[in-house]
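# Geometric and topological summary
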Amino acid sequence: MDELREKLFYEQKNGYDLIGTDERIACEDYCAAYMRYLDASRTEREAVKNAIAEAGEAGFVPYVPGMALRPGMRVYRNNRGKTLFLAVIGRKSLAEGCVICGAHIDSPRLDLKQLPLYESDEMCYLRTHYYGGLKKYQWVTIPLELHGLVSLRDGSSVEIALGREKDEPKFVITDLLPHLAADQMKKTMAEGITGEGLNILIGSAPYADEGKDRVKLAVLSLLNDLYGIDEEDFLSAELVAVPAFDVCEIGLDRSMIGGYGHDDRVCAYAALKAIFDAREPERSCVCILTDKEEIGSEGVSGMQSEAFDTFMADLCESQGVALRRCFEKSVCLSADVTAAVDPLYPEVSEKRNGSKFNYGVGVCKFSGVRGKYGSSDASAELVGHFRRLFARRRVVWQMAELGKVDQGGGGTIAKFMAKRNIDTLDAGVPVLSMHAPFEVVAKLDCYMTYKAMLAAFEEG
Ligand code: MN
Ligand code: MN
């Protein structure tokens with residue numbers, strides 16, 4: 001009976017029981033590099049900039065339309081500083097399709113409003129409009145940094161990054177003390193902290209003069225000294241507040257990584273590192289680092305934008321191939337994080353089908369909400385294709401349904417890739433506390449996601 005059980009049952013194994021010392025070392029090295037990338041990439045702009053710097057070292061050059069492309073060539077296209085497409089030209093024609101791994105590099109955060117600065121009771125604040133799906137109560141009483149870009153009157157731009165360096169000041173949204181929170185504590189978690197209540201404290205010392213709004217004047221004066229900006233310049237600015245936590249190891253065993261923005265820079269880095277490491281691929285490889293996934297992949301830098309099609313059409317034209325012929329034979333891993341089963345919240349977890357820490361890259365046949373609404377739903381054949389590939393390449397992987405049916409749900413860029421007639425499967429790193437200011441992932445799963453992407457690029 002045991003033999004029959006062994007033969008017929010599907011039993012998952014913890015990844016640590018499946019890898020040897022060599023892989024554990026490779027996993028540590030990979031995660032150390034990822035932690036440095038994440039620490040320095042707090043926004044999509046910074047993620048693109050840092051990816052381009054690493055791509056340059058890996059032999060990638062900017063793609064110029066009309067460029068002759070030979071097998072083995074490595075090119076990238078920067079879309080407005082917020083999206084990055086990278087390609088390694090394969091030995092086969094693009095008429096045979098390409099292998100795509102796409103992840104997003106935007107994360108939930110607090111965007112500043114266009115006229116953010118105001119003074120109240122001799123304290124100065126910044127008004128915000130939150131970006132992406134977040135639990136508002138998590139964003140108060142944590143240190144925040146300011147990042148972004150201001151477009152000035154003379155057409156030049158100034159980049160702002162304030163709070164990342166050790167000696168730089170941080171910012172914060174205050175909350176009520178428990179002693180005076182009797183009424184607040186009766187509210188639901190959705191109502192206790194409101195969107196309009198997320199105002200960031202930015203100063204308290206008044207300008208040494210008579211008159212009104214002296215604290216605001218002092219803050220503007222400091223900003224003017226630092227960046228040469230005035231209040232009107234905020235009108236044409238994109239400034240965001242993000243958590244000021246350093247990326248760090250978590251657990252006495254150091255088996256996990258804590259940080260802001262794992263969703264989805266943890267998969268973006270896996271796809272990026274995999275295309276760097278893909279050696280002489282048969283089919284062309286394409287890595288996408290995209291923006292705006294957290295608000296529906298909209299906008300000119302989101303996955304619904306035709307910027308990607310333009311890049312791919314350029315590559316195809318150089319080989320005399322129609323874009324639609326390339327797309328219909330292409331395959332895509334939509335690399336996005338999934339919710340890990342959280343033992344503290346068993347009521348929403350589907351233990352049998354959910355993804356667990358250290359069980360490897362989570363493969364999601366379908367996402368969506370309610371009756372799979374909004375899901376791309378990969379075919380059995382496509383899941384089968386990757387199941388065989390991952391077995392061949394010894395990638396530790398698991399199935400990853402987001403949670404119990406009707407408890408909620410989510411989406412990724414998968415459906416926008418599938419809309420282009422590209423076979424697409426979701427696969428990514430399981431995360432705990434997803435969309436919180438400080439998210440947690442397991443190192444082994446990060447490394448296995450990289451291995452999955454590399455396998456796809458080299459043999460997918
Ligand atoms: Mn995501
Ligand atoms: Mn997300």
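Keep in mind that this is a model prediction, so the values were computed, not measured.

### Describing the layout of surface pockets
By volume, the second largest pocket amounts to about 840 Å³. In this structure, the second largest pocket is lined by 22 residues; those nearest its centre are Y10, E11, Q12, K13 and W397. Elements supplying a minimum of two residues to the lining of the second largest pocket: α9 (380-392) and β18 (397-399). Residues belonging to the lining of the second largest pocket are distributed by class as follows: 11 nonpolar, 4 polar and 7 charged.

### Quick look at the coordination of the manganese ion (ligand 2)
For the manganese ion (ligand 2), the full set of protein donor atoms is D263 (OD), E294 (OE), E294 (OE) and H435 (NE2), and the range of their distances to it is 2.1 to 2.6 Å. Motif for the manganese ion (ligand 2), donor spacing along one chain: D-x30-E-x140-H. A separation of 3.3 Å is found between the manganese ion (ligand 2) and the manganese ion (ligand 1), which are bridged by D263. Of the two residues, D263 is situated in helix α6 (residues 262-277) and E294 in the loop between β13 (284-290) and α7 (307-318); the sequence distance between them amounts to 31 residues. Accessibility expressed as a relative area gives 3% for D263, which makes it buried. When its relative accessible area of 13% is taken as the criterion, E294 is described as buried.

### Concerning the sheet that holds strand β10 (residues 237-243)
Reading across the sheet, the 6 strands line up as β8-β7-β10-β5-β6-β9 and stay open at both edges, with antiparallel pairing between neighbours. Each of the sheet's edge strands pairs with one partner strand only, and the pair in question is β8 (157-162) and β9 (200-203). Geometrically, the sheet is characterised by an average inter-axis angle of 30° between neighbouring strands, direction not taken into account. Its contacts with the sheet put helix α5 (residues 214-227) on β5 (109-120), β6 (123-131), β8 and β9, and the angle it makes with β5 is roughly 130°.

### What to know about the sheet that holds strand β12 (residues 256-259)
Within the open sheet, the 5 strands sit side by side as β11-β12-β22-β21-β15. Their pairing is mixed. A strand with exactly one partner marks an edge of an open sheet, and here the two such strands are β11 (248-250) and β15 (338-339). Relative to strand β21 (residues 430-432), β15 runs parallel, the two being bridged by 2 bridges. Residue pairing for β21: T338 is matched across the bridge by P430.

### Let's talk about helix α3 (residues 44-57)
One turn of the α-helix equals 3.6 residues, which is why residues spaced by three or four share an orientation. Its 14 residues place the ends of α3 20 Å apart at the C-alpha level, agreeing with the 20 Å of an ideal helix rising 1.5 Å per residue. A positive phi of about 90° marks G59, the residue just after α3.

### Description of the pairing of strand β16 (residues 361-364)
A two-sided burial pattern is seen for β16, the buried positions comprising V361 and V363 on one face and G362 and C364 on the other. Pairing of β16 with β18 involves 3 bridges; the strand directions are parallel. Within the sheet, the bridge partner assigned to V361 lies in β18 and is W397. Looking at chain direction, β16 and strand β20 (residues 423-428) are connected through 3 bridges and run antiparallel. Across the sheet, the residue bridging to G362 is G428, located in β20.

### Digging into the domain arrangement of the protein chain
Looking at the assigned domains, one finds that the protein chain contains domain 1 (2-107 + 260-459) and domain 2 (109-243). In this complex, domain 1 contributes 18 residues to the contact, which on the side of domain 2 involves 18 residues. For the pair domain 1 and domain 2, the summed buried area comes to about 1,500 Å², and 48% of that belongs to carbon and sulfur atoms. Contact with domain 2 buries surface across domain 1, with R42, R45 and P437 losing the most and accounting together for 35% of the total.

### Concerning the pattern of salt bridges
Evaluated as defined, the whole model comprises 36 salt bridges. With a closest N to O distance of 3.1 Å, R392 and E459 form a salt bridge. Taken together, the residues span a long stretch of sequence, with R392 in helix α9 and E459 in helix α11 (residues 443-459) at a distance of 67 residues. On the basis of relative accessibility, which here comes to 53%, the residue R392 falls in the exposed class. The class for E459 is partly exposed, based on a relative accessible area of 37%. One continuous salt-bridge network, built from bridges that share partners, spans D39, R42, E145, R164, K166 and D246.

### Considering the coordination of the manganese ion (ligand 1)
Looking at the manganese ion (ligand 1), the protein donor atoms are H104 (NE2), D263 (OD), D336 (OD) and D336 (OD), and they sit 2.2 to 2.7 Å from it. Spacing between the donor residues of the manganese ion (ligand 1) along their common chain follows H-x158-D-x72-D. Since its relative accessible area comes to 8%, D336 is described here as buried.

### Details of the environment of V361
Mapped onto the elements of the fold, V361 is located in strand β16. With residues near it in sequence (within four places) discarded, V361 still touches V395, V396, W397, Q398, A427, G428, M448, T449 and A452.

### Let's talk about the nonpolar core
Among the nonpolar cores identified, the biggest contains 69 residues, and L86, I275, L289, F386 and F457 are the most heavily contacted of them. Ranked by residues supplied to this core, first place goes to α11 with 11 residues. Once you skip the residues sitting within four places of it in the chain, F457 turns out to touch V99, I100, C101, A271, A274, I275, A278, P281, C285, V286 and C287. Counting residues in hydrophobic clusters, the runner-up holds 35 residues, among them I142, L146, F171 and A241.

### Looking at unusual backbone geometry
Following D263, the chain continues into D264 via a peptide bond in cis, with omega recorded as 10°. Of note in this structure, S297 is not a glycine but carries a positive phi near 60°. Considering the arrangement of structural elements, one finds S297 in the loop between β13 and α7. Phi is positive for R370, which is not a glycine, with a value near 45°. According to the relative accessible area criterion, R370 is exposed, its value standing at 59%.

Quick notes on the rules
Residues numbered from 1 in each chain as written. Chains lettered and ligands numbered in written order. Predicted model: local features only at pLDDT ≥ 70, side-chain atom pairs only at ≥ 80, totals over all residues. Heavy atoms only, no water. 1 Å grid on protein atoms, 1.4 Å probe; cavity = no way out; pocket = protein on both sides within 12 Å on 5 of 7 lines; lining within 4 Å. Points joined across faces, edges and corners; volume = space filled by probe spheres on them. Helix = DSSP H or I, 4+ residues; strand = E, 2+ residues; numbered from the N terminus. Nonpolar A, V, L, I, M, F, W, Y, C, P; charged D, E, K, R; others polar. Donors = N, O, S within 2.8 Å, 3.2 Å for Na, K, Ca; no water. Buried < 20%, exposed > 50% of the residue type's maximum accessible area, 1.4 Å probe, protein only. Pairing = 2+ DSSP bridges. Axes fitted to C-alpha atoms, helices over the stretch in contact; angles between N-to-C directions. Contact = heavy atoms within 4.5 Å. Expected span 1.5 Å × (residues − 1). Domains from an automatic or database assignment. Buried area = accessible area lost by both parts, 1.4 Å probe. Salt bridge = Lys/Arg side-chain N within 4 Å of Asp/Glu carboxyl O. Core = buried A, V, L, I, M, F, W, Y, C linked by side-chain atoms within 4.5 Å.

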